[in-house]
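What the coordinates show
Here is how the chains run, residue by residue.
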Amino acid sequence: MSIRIPASFCWPPPGLVCTDDAMRPAHGLDPETLTVYENSVLGFLYGSLPKPPVSAAATLSCAAAEEGEGVDRISGLPDEILRQVLVRLPAKDGARTAVLSTRWRGLWRSAPLVLVDTHFLPRGGAEGRPPRPGALLRAVRRAVSAALRAHPGPFPFVSLSCDFMGPVDADRAVLARWFQLLATKGVEELALINRPSPYADLRLPSAVFSCAALRRLYLGAWRFVDTATLPRGASFPSLQELVLGAVALEDHDLDFVLAVSPVLETLAFVGTVRKLCARLASHSLRCVQFCLCYVEEVSVVDTPCLERLLIWRCPSKRFGMKVKIGQAPRLSMLGYLEPGVHVLEIGNTVIKPGTKPTTKTTVPSVQMLALHLCFRVCDEVKMLPSFLKCFPNVETLCV
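Residues numbered from 1 in each chain as written. Predicted model: local features only at pLDDT ≥ 70, side-chain atom pairs only at ≥ 80, totals over all residues. Heavy atoms only, no water.

Our focus in this paragraph is the overall build of the protein. When helices and strands are tallied, the protein shows 10 helices and 16 strands. The long-range fraction of contacts in the protein, counting pairs at least 24 apart against all pairs at least 6 apart in sequence, stands at 65%. Roughly 19,800 Å² of accessible area belongs to the protein as shown, and the carbon and sulfur atoms make up 54% of that amount. (Helix = DSSP H or I, 4+ residues; strand = E, 2+ residues; numbered from the N terminus. Contact = heavy atoms within 4.5 Å. Areas by Shrake-Rupley, 256 points an atom, 1.4 Å probe, with all protein chains shown as cover.)

Given below as structure tokens:
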């Protein structure tokens, strides 16, 4: 019996009509060709993307113009106010304002640009003959490249989530050029999701570390930068939030990112391409999340500011997982631990049935604890009391 994939887990989202065969749900593939796990990962990843500060569906009222007897009062506003209007328009609509009058010419280029590639997709029914497969995606890619070249920046928000790129020279060149332009034009929030088949083998260019102004970064379906080849001084000096979805990276790549991100507060993994041993050592991290990931070990080594650690629906029963808690004096929320499945280690002590609580085997800062267990499994029930004793100050318990 097949399991029906919820529409919300597919791409494009409900309501967005795409005539291109390559833009069909589930990353260009028939949903039946992907596993439930793959569709779930992609669904959660797209669902977690930050919403752009502009809307392509907004409407304008002409009532004010009618009352003003055709007088153009908007063009009489100061340049700074007009720029604020342009910032709130999709990129293609902002560019079109240049044809309104000489008053507007040049304002688009001097206003910060919000660039969202889905705004270049047609909405509603298609008129005439539909484009050939791939034509729509090529048009969107050309539009993105043109906007990046034409606008001097800055780019406070960029979301590129409907492109297909593979490990070929042409796609590598396009991607490298995009990152070079984004780095020089001060991108602050960037979502870059690739959608081939369904996980890419295309490596991110090292130029991503040149984006010094980045505060939020969402990456999906890529091979991570080979950090071993990066020049000395490569860093994310302003990065506060990092979300990695179906990104292939090595353990040492994660170590590198944490070491060169001095203000990183939020780190989230949504799905993994290979097993991950996550070693958390950061003086700025406050929240870490693993969702639908193949994680072999989560080791909280030295995280003086960490407040929340969430491990959700990671397939640990099949692969096993160790959760090690070292230095985390502010950890107040922890879940979902699986007694009898997860190996819990506090300090240098592995928690076993009958382990007596001591100052070295407890985490007194935890106030909210979430557990996932099956009461019909004897091993899980036996471990439950020992797990609970490790967190003596819990006020909220979720089972």
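Below, the discussion takes up the sheet that holds strand β7 (residues 276-281). With respect to topology, five strands assemble into an open sheet ordered β7-β9-β11-β13-β14, the strand pairing being mixed. The two strands at the open ends of the sheet, each matched to only one other strand, are β7 and β14 (349-350). Here strand β13 (residues 342-346) runs beside β14; their pairing, made up of two bridges, is antiparallel. Bridge pairing in β14 places I346 opposite T349. (Pairing = 2+ DSSP bridges.)

To continue, consider helix α7 (residues 169-184). Taking 1.5 Å per residue, 16 residues should reach 22 Å; α7 reaches 23 Å between its end C-alpha atoms and fits that length. Taken together, the buried positions of α7 are occupied by D171, L175, W178, F179, L181 and L182. Buried residues along α7 cover an arc of 165° about the axis, so they all sit on one side. Seen from the buried face of α7, the exposed residues on the opposite side, beyond 90 degrees, are D169, A170 and T184. The secondary structure elements touched by the buried residues of α7 are α6 (135-150), β2 (157-163) and β3 (189-194). (Expected span 1.5 Å × (residues − 1). Buried < 20%, exposed > 50% of the residue type's maximum accessible area, 1.4 Å probe, protein only. Arc of directions from axis to C-beta.)

Hydrogen bonding along the main chain pairs the strands of a sheet, whether they run parallel or antiparallel. If you trace the 11 strands from one edge of the open sheet to the other, you get β1-β2-β3-β4-β5-β6-β8-β10-β12-β15-β16, paired in parallel fashion. The open sheet has two free edges, formed respectively by β1 (114-116) and β16 (396-398), since each of these has just one partner strand. Going across the sheet, the axis of each strand differs from the next one's by a mean of 5°, ignoring polarity. Across three bridges, the pairing between strand β12 (residues 333-337) and strand β15 (residues 368-371) is parallel. For M333, the partnering residue across the bridge sits in β15 and is M368. (Axes fitted to C-alpha atoms, helices over the stretch in contact; angles between N-to-C directions.)

By size, the foremost hydrophobic cluster in this structure holds 84 residues, and its most contacted members are F209, F290 and L344. Excluding its chain neighbours within four sequence positions, the residues that come into contact with F209 are F224, V225, L230, A234, S235, F236, F256, V257 and V260. Membership of the second largest hydrophobic core comes to 13 residues, among which are Y46, A268, V270 and C291. (Core = buried A, V, L, I, M, F, W, Y, C linked by side-chain atoms within 4.5 Å.)

Here the focus is empty space enclosed by the protein. Tallying each qualifying case throughout the model produces two cavities of 30 Å³ or more. The space that makes up the largest cavity amounts to roughly 50 Å³. What lines the largest cavity is simply L86, V87, L89, W108, A111, P112, L113, V114 and H151. Among the residues forming the lining of the largest cavity, the class breakdown is eight nonpolar, one polar and no charged. Quantified by volume, the second largest cavity comes out at close to 40 Å³. Every residue lining the second largest cavity is listed: D117, L160, S161, D163, M165, W178, L192, I193, N194 and W222. (1 Å grid on protein atoms, 1.4 Å probe; cavity = no way out; pocket = protein on both sides within 12 Å on 5 of 7 lines; lining within 4 Å. Points joined across faces, edges and corners; volume = space filled by probe spheres on them. Nonpolar A, V, L, I, M, F, W, Y, C, P; charged D, E, K, R; others polar.)

One pass over the structure, following the stated rule, counts 10 salt bridges. For E188, the salt bridge identified is with R215, shortest N-O distance 3.6 Å. Taken together, the positions of E188 in the loop between α7 and β3 and R215 in the loop between β3 and β4 (216-220) put the pair 27 residues apart, joining distant regions of the chain. R215 sits in the partly exposed class, given a relative accessible area of 29%. If you follow the salt bridges from partner to partner, you end up with E188, E189, R215, R216 and E241 in one network. (Salt bridge = Lys/Arg side-chain N within 4 Å of Asp/Glu carboxyl O.)

In the predicted model, the protein carries a mean pLDDT of 82, and 81% of its residues have values of at least 70. Within the protein, helix α2 (residues 63-67) has the poorest average pLDDT of any element, 50, and helix α8 (residues 251-259) the best, 97. In this model residues 1-30 is a low-confidence stretch, pLDDT under 50, and it forms 69 contacts with partners more than four residues away in sequence or in other chains. Here residues 124-128 is modelled with pLDDT under 50, and outside its nearest four sequence neighbours on either side it reaches two contacts, counting other chains as well. (pLDDT = per-residue confidence, 0-100.)

Taken together, the side chains of F375, V381, L388, L397 and V399 define a hydrophobic patch exposed on the protein surface, amounting to about 460 Å² of accessible area. Mapped onto the elements, L388 comes out in helix α10 (residues 378-389). By relative accessible area, which is 33% here, L388 ends up partly exposed. (Patch = residues over 30% accessible without salt bridge, like charges linked within 9 Å, V, L, I, M, F, W, Y side chains within 5 Å.)

For strand β8 (residues 287-291), the buried fraction is high: four of the five residues fall into the buried class. Here strand β6 (residues 266-272) runs beside β8; their pairing, made up of five bridges, is parallel. Paired with F269 across the strands is F290, a residue of β8. Sheet topology places β8 next to strand β10 (residues 308-312); five bridges connect them, and they run parallel.

What follows concerns the packing of α6 against α7. What describes two packed helices is the angle between their axes and the distance between those same axes. In the contact formed by α6 and α7, the axes pass within 10 Å of each other and the chain directions differ by 30°. For the element pair α6 / α7, the angle class is roughly parallel. Seen along the crossing, α6 lies across α7 with a hand that is left-handed. Residue-level contacts link R141, V144, S145, L148 and R149 of α6 to D171, V174, W178, L181 and L182 of α7. Within the contact of α6 with α7, the residues separate by chemical class into six nonpolar, one polar and three charged. (Parallel < 35°, antiparallel > 145°, perpendicular 65-115°, else oblique. Left-handed = near helix turned anticlockwise from the far one by under 90°.)

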